[in-house]
Amino acid sequence: DKTARFWEMSPTGVDPAAEDTFNVKTIAAYSPDGRFLISEGHSGILQHYDADTGEIGLTLRSRDDFKCVAYSPNGLQIATASLKNEVKLWNTQSCAVEGIIQTKDAVSIVAYSPCGRWIAMRMAIEGVEVWDARSESSWHLCLGRPAVISLAFSPHGLDLAVGFDNGDIRVWETSTWSCKMVINGDSERGACVVYPPKSSHLAYHHKCGATEISLYDEKGQTCRTILGRYWLEVERFAYSFCGLWILAVDRQVVHLWKSTSDGMESDWALATTVETFFGNVREIAWRPNTTEFATASEDGSIRAWKVEEESGKVSVRLLWGHGGTVLTASKAVFVGSVGLSTTNQDLLRQRGANFWSSSSYSDGS
């Protein structure tokens, strides 16, 4: 069409050679006030980003690879875990370690209770361990098999739900740490548990199956099943803070569902998808009290997105990003191209491009 196009390799304007391009990103967490996003920069480094601009700020440095991270509810502390049998507690103002919790096994999930007193930790072999910041003591909730794959505190902080690899769910009361509920699941699918915002219901999804999310009431009874039967290998999902949006990750694709009403009694519809990743998406996080979210991917990218809705049409716009500096050709269409070698055509197809001849394009085939 007699035009030349310049392709932007780095959406942040940073020299791609200076970016941490090839390091897998596994961490994405917003501060409780939504001002900052934290992610793994490269081995042994956690970087704070300005949530609005993506500008890099404070940095936490360790000799260990970070496997998980969580903000305390007041935003003054960050808990991190590595392959070592310990969880480090960092001061967000000084970036100094102010406490270390010794554990019996390597920790892969860490979560604060809403009150900030309890820290729940998921371990590969030893199950779930709970740390009491008030008495500086800990104890185990479950040991051995079945293995724990997810855990979540309820919004009011009275319960801790744990999902197991056999599909079972157990819920403990934080006041007594007695098990109040057991939900027997599918033995072939692991259980991913999430609490919807401002709700006492428990959202439960079987991994690697139909994208059905079941809502359970406080008695363990199924009160509703949401989302359609899209056969996706969903690894994780997350509610927005308003409860009207759900993000679900299927390997390199992020799916966005929208509620038609209040998020509990309404139907849900698939609104749009984000397909611009070249590695599996390892983490998603909603920014508090906004329609923005972050993704961390195996392609080395950490990105911030905004959900926009105009005239009933939903779209997702990239706000900023770091890493993953590769030429994106997703959904691009090449018409009448000449001079491209077979190798270049294969590379572009691999990145999502389509090639059309002039004749086939003109007749709409």
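What you are looking at is a predicted structure, and each value in this text was computed from that prediction instead of being measured.

## A look at the overall build of the protein
Item 1. Scanning the protein from terminus to terminus reveals two helices and 32 strands.
Item 2. Long-range pairs, those at least 24 residues apart, make up 37% of the contacts in the protein with a sequence separation of at least 6.
Item 3. Roughly 17,800 Å² of accessible area belongs to the protein as shown, and the carbon and sulfur atoms make up 48% of that amount.

## Details of the confidence of the model for the protein
Item 1. For the protein, the average pLDDT comes to 82, and 83% of its residues sit at 70 or higher.
Item 2. Between residues 11-21, whose pLDDT stays under 50, and residues either more than four places distant or in other chains, the model counts 24 contacts.
Item 3. Across residues 358-365 the pLDDT falls below 50, and counting only partners more than four positions away or on other chains, this stretch makes seven contacts in the model.

## Points about the packing of aromatic side chains
To describe a pair of aromatic rings, one takes the distance between the centres and the angle between the planes.
Item 1. What the rule picks out here adds up to ten aromatic pairs.
Item 2. Ring geometry for Phe293 against Trp305: centres 6.4 Å apart, planes inclined by 20°, an arrangement best described as stacked. Note that Phe293 is positioned in strand S28 (residues 292-297) and Trp305 in strand S29 (residues 302-310), a separation of twelve residues in sequence.
Item 3. We classify Trp305 as buried; its relative accessible area is 5%.
Item 4. Taken together, Phe277, Trp286, Phe293 and Trp305 form an aromatic cluster joined through their ring pairs.

## Notes on the pattern of salt bridges
Item 1. This model, assessed by the stated rule, comprises eight salt bridges.
Item 2. Asp250 serves as the salt-bridge partner of Arg251, at 3.3 Å between the closest nitrogen and oxygen.
Item 3. Exposure remark for Arg251: the relative accessible area of 44% places this residue in the partly exposed category.
Item 4. Salt bridges linked by common partners bring Asp52, Arg287 and Glu292 together as one network.

## Examining the sheet that holds strand S24 (residues 245-250)
Item 1. Strand order in this open sheet of four strands is S23-S24-S25-S26, and the pairing throughout is antiparallel. A single partner strand is all that each edge strand has here, and the edge strands are strand S23 (236-239) and strand S26 (268-274). In this sheet, neighbouring strand axes are inclined to one another by 20° on average, regardless of whether the strands run parallel or antiparallel.
Item 2. Of the strand pairs in this sheet, S24 and strand S25 (residues 253-259) are connected by six bridges, and their pairing is antiparallel.

## Looking at unusual backbone geometry
Item 1. One non-glycine residue, Trp177, lies in the positive phi region at around 55°.
Item 2. Relative to the elements of secondary structure, Trp177 occurs in the loop between strand S15 (169-173) and strand S16 (179-183).
Item 3. Take Trp177: its relative accessible area is 11%, and that puts it in the buried class.
Item 4. Here the phi dihedral of Ser311 falls at roughly 55°; this positive angle occurs in a residue that is not glycine.
Item 5. Residue placement: Ser311 occurs in the loop between S29 and strand S30 (313-322).

## Overview of empty space enclosed by the protein
Item 1. For the structure shown, the criterion picks out two cavities of 30 Å³ or more.
Item 2. Volume-wise, the largest cavity comes out at about 80 Å³.
Item 3. Along its surface, the largest cavity is lined by Asp159, Val171, Lys180, Met181, Tyr195, Ser200, His201, Leu202, Tyr216, Asp217 and Glu218.
Item 4. Split into classes, the residues belonging to the lining of the largest cavity amount to five nonpolar, two polar and four charged.
Item 5. The set of elements that each furnish at least two residues to the lining of the second largest cavity consists of strand S6 (77-81) and strand S7 (86-91).
Item 6. Class assignment of the residues belonging to the lining of the second largest cavity gives a composition of two nonpolar, three polar and three charged.

## What to know about the UniProt feature "repeat: WD" (unreviewed entry) in the protein
Item 1. Under the UniProt annotation, "repeat: WD" (unreviewed entry) lies at residues 69-94, 148-176 and 281-315.
Item 2. Between the end C-alpha atoms of residues 69-94 the distance is 17 Å, and the span holds 0% helix and 54% strand.
Item 3. A distance of 19 Å separates the end C-alpha atoms of residues 281-315, which is 0% helix and 69% strand.

## Some thoughts on the sheet that holds S15
Item 1. Spatially, the four strands line up as an open sheet ordered S13-S14-S15-S16, and their pairing is antiparallel. Among the strands making up the open sheet, the edge pair consists of strand S13 (148-153) and S16. Ignoring which end each strand starts from, the neighbouring axes of this sheet average 15° apart.
Item 2. Inspection of the sheet shows S13 paired to strand S14 (residues 159-164) by five bridges, in the antiparallel sense. Pairing of Val148 across the sheet is with Phe164, part of S14.

## What to know about the environment of Gln345
Item 1. Tracing the chain through its elements places Gln345 in helix H1 (residues 342-350).
Item 2. For the pair Gln345 and Phe334, spaced eleven residues apart in sequence, the C-alpha separation works out to 10.0 Å.

## Thoughts on the pairing of S14
Item 1. Where burial is concerned, most of S14 is hidden: six out of the six residues are buried.
Item 2. Residues Asp159, Ala161 and Gly163 of S14 are buried on one face, and the alternating residues Leu160, Val162 and Phe164, pointing to the opposite face, are buried as well.
Item 3. Linkage of S13 to S14, two consecutive antiparallel strands, is achieved through a turn of five residues, within which Gly157 is found at a positive phi near 80°.
Item 4. Pairing between S14 and S15: five bridges, direction antiparallel. The partner of Leu160 across the bridge, within S15, is Trp172.
Item 5. What sits between S14 and S15 in their antiparallel hairpin is a turn of four residues, with Gly167 showing a positive phi close to 95°.

Conventions adopted
- Residues numbered from 1 in each chain as written.
- Predicted model: local features only at pLDDT ≥ 70, side-chain atom pairs only at ≥ 80, totals over all residues.
- Heavy atoms only, no water.
- Helix = DSSP H or I, 4+ residues; strand = E, 2+ residues; numbered from the N terminus.
- Contact = heavy atoms within 4.5 Å.
- Areas by Shrake-Rupley, 256 points an atom, 1.4 Å probe, with all protein chains shown as cover.
- pLDDT = per-residue confidence, 0-100.
- Phe/Tyr/Trp six-rings, centres within 6.5 Å; stacked < 30°, edge-to-face > 60°.
- Buried < 20%, exposed > 50% of the residue type's maximum accessible area, 1.4 Å probe, protein only.
- Salt bridge = Lys/Arg side-chain N within 4 Å of Asp/Glu carboxyl O.
- Pairing = 2+ DSSP bridges.
- Axes fitted to C-alpha atoms, helices over the stretch in contact; angles between N-to-C directions.
- 1 Å grid on protein atoms, 1.4 Å probe; cavity = no way out; pocket = protein on both sides within 12 Å on 5 of 7 lines; lining within 4 Å.
- Points joined across faces, edges and corners; volume = space filled by probe spheres on them.
- Nonpolar A, V, L, I, M, F, W, Y, C, P; charged D, E, K, R; others polar.
- UniProt positions renumbered as here; feature names shortened; annotations may be inferred.

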